[in-house]
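If you want the building blocks of each chain, they are given just below.
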Amino acid sequence: SDPGDWGLRDAFCAHVAGVGAFLGADAAEGLILPCIGQALVDTEPLVIARALSSLASLVELRLLSRDALVDLCGGARSKVSAAPLLLHPSPSVRRGAASLFAAAALAMPESADAEALVLEPILAPFLSVPLGPLAPYLTRDKSGLPELILSCLRPHLSLEFYREHLHSGFEDVGAVGRDTAEAL
């Protein structure tokens, strides 16, 4: 793909969730998820934010398995993780990442799974304060979970720091996020 044609990548991310809904869960997880995963390491924040929105849509449509959700958020087997994007310099990317985490938590069959598999272990390195009791957000006030996540995050990275570490030879953005969170 042409690195200068971010508009095409943005358009792809804008419409790919609908394709996933049409094709079903197997295609969404096997074909579409890897393509959107590439967009998470794009250089254009608008593309990254759109990719996060598409991923949240796939999650809300229940087109991804529990294992795929955990990996996408930054589980141990993950090659590309959305978690470091919680500290991205762009507010729209941070908001998209928080919305994805909220959608993933709400998609878990049990609130205990949401806390034990997604919210606690994966988000912890990126938080300045603990999330606190999540039961109300996972049962009644679902719309408040992205804002809660955003309010608990460490300060975002500078654009210079982000670009330096993204393009300095790291093979996966998850390693950058884990290293960055440890350095903060």
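Rules and cut-offs
Residues numbered from 1 in each chain as written. Predicted model: local features only at pLDDT ≥ 70, side-chain atom pairs only at ≥ 80, totals over all residues. Heavy atoms only, no water. Helix = DSSP H or I, 4+ residues; strand = E, 2+ residues; numbered from the N terminus. Expected span 1.5 Å × (residues − 1). Bend = angle between axes of the 7 residues up to and from the residue. Buried < 20%, exposed > 50% of the residue type's maximum accessible area, 1.4 Å probe, protein only. Contact = heavy atoms within 4.5 Å. Salt bridge = Lys/Arg side-chain N within 4 Å of Asp/Glu carboxyl O. Axes fitted to C-alpha atoms, helices over the stretch in contact; angles between N-to-C directions. Parallel < 35°, antiparallel > 145°, perpendicular 65-115°, else oblique. Left-handed = near helix turned anticlockwise from the far one by under 90°. Nonpolar A, V, L, I, M, F, W, Y, C, P; charged D, E, K, R; others polar.

**Student:** Just to check I follow, could you spell out helix H2 (residues 25-39) for this structure?
**Tutor:** Each full turn of the α-helix corresponds to 3.6 residues, which orients residues three or four apart in the same direction. Relative to the 21 Å expected for 15 residues at 1.5 Å per residue, H2 spans 20 Å between its end C-alpha atoms, a close match to the ideal helical length. Along H2, the sharpest change in direction is near 45 degrees and occurs at Ile32; proline Pro34 comes one to four residues later. Every buried residue of H2 is listed here: Ala27, Ala28, Ile32, Leu33, Ile36, Gly37 and Ala39. Turning to H2, the residues buried within the fold contact helix H1 (6-23), helix H3 (45-60) and helix H4 (66-73).

**Student:** Mind showing me how you'd approach the pattern of salt bridges here?
**Tutor:** Two side chains carrying opposite charge are able to pair once their charged atoms lie near each other. Here the structure, examined in full by the defined rule, presents three salt bridges. Measuring nitrogen to oxygen at the nearest pair gives 3.1 Å for the salt bridge that ties Asp10 to Arg50. Of the two residues, Asp10 sits in helix H1 while Arg50 sits in helix H3, which places them 40 residues apart along the sequence. Taking the relative accessible area as the measure of exposure, Asp10 reaches 13% and is therefore buried. A salt bridge links Glu147 to Arg95; the shortest N-O distance between them is 2.4 Å. Taken together, the positions of Glu147 in helix H8 (residues 145-152) and Arg95 in helix H5 (residues 91-107) put the pair 52 residues apart, joining distant regions of the chain.

**Student:** So what exactly am I meant to see when it comes to the packing of H3 against H5 here?
**Tutor:** Relative orientation and spacing of two packed helices are given, respectively, by the angle between their axes and the distance between those axes. Two numbers describe how H3 lies on H5: the axes approach to 9 Å, and their chain directions differ by 10 degrees. When the axes of H3 and H5 are compared, the pair comes out roughly parallel. Judged by the sense of rotation from one axis to the other, the crossing of H3 with H5 is left-handed. Taking contact as the criterion, the partners of Pro45, Ile48, Ala49, Leu52, Leu55, Ala56, Val59 and Glu60 in H3 are, on H5, Ser92, Val93, Gly96, Ala97, Leu100, Ala103, Ala104 and Ala107. A per-class count over the contact of H3 with H5 returns 13 nonpolar, two polar and one charged.

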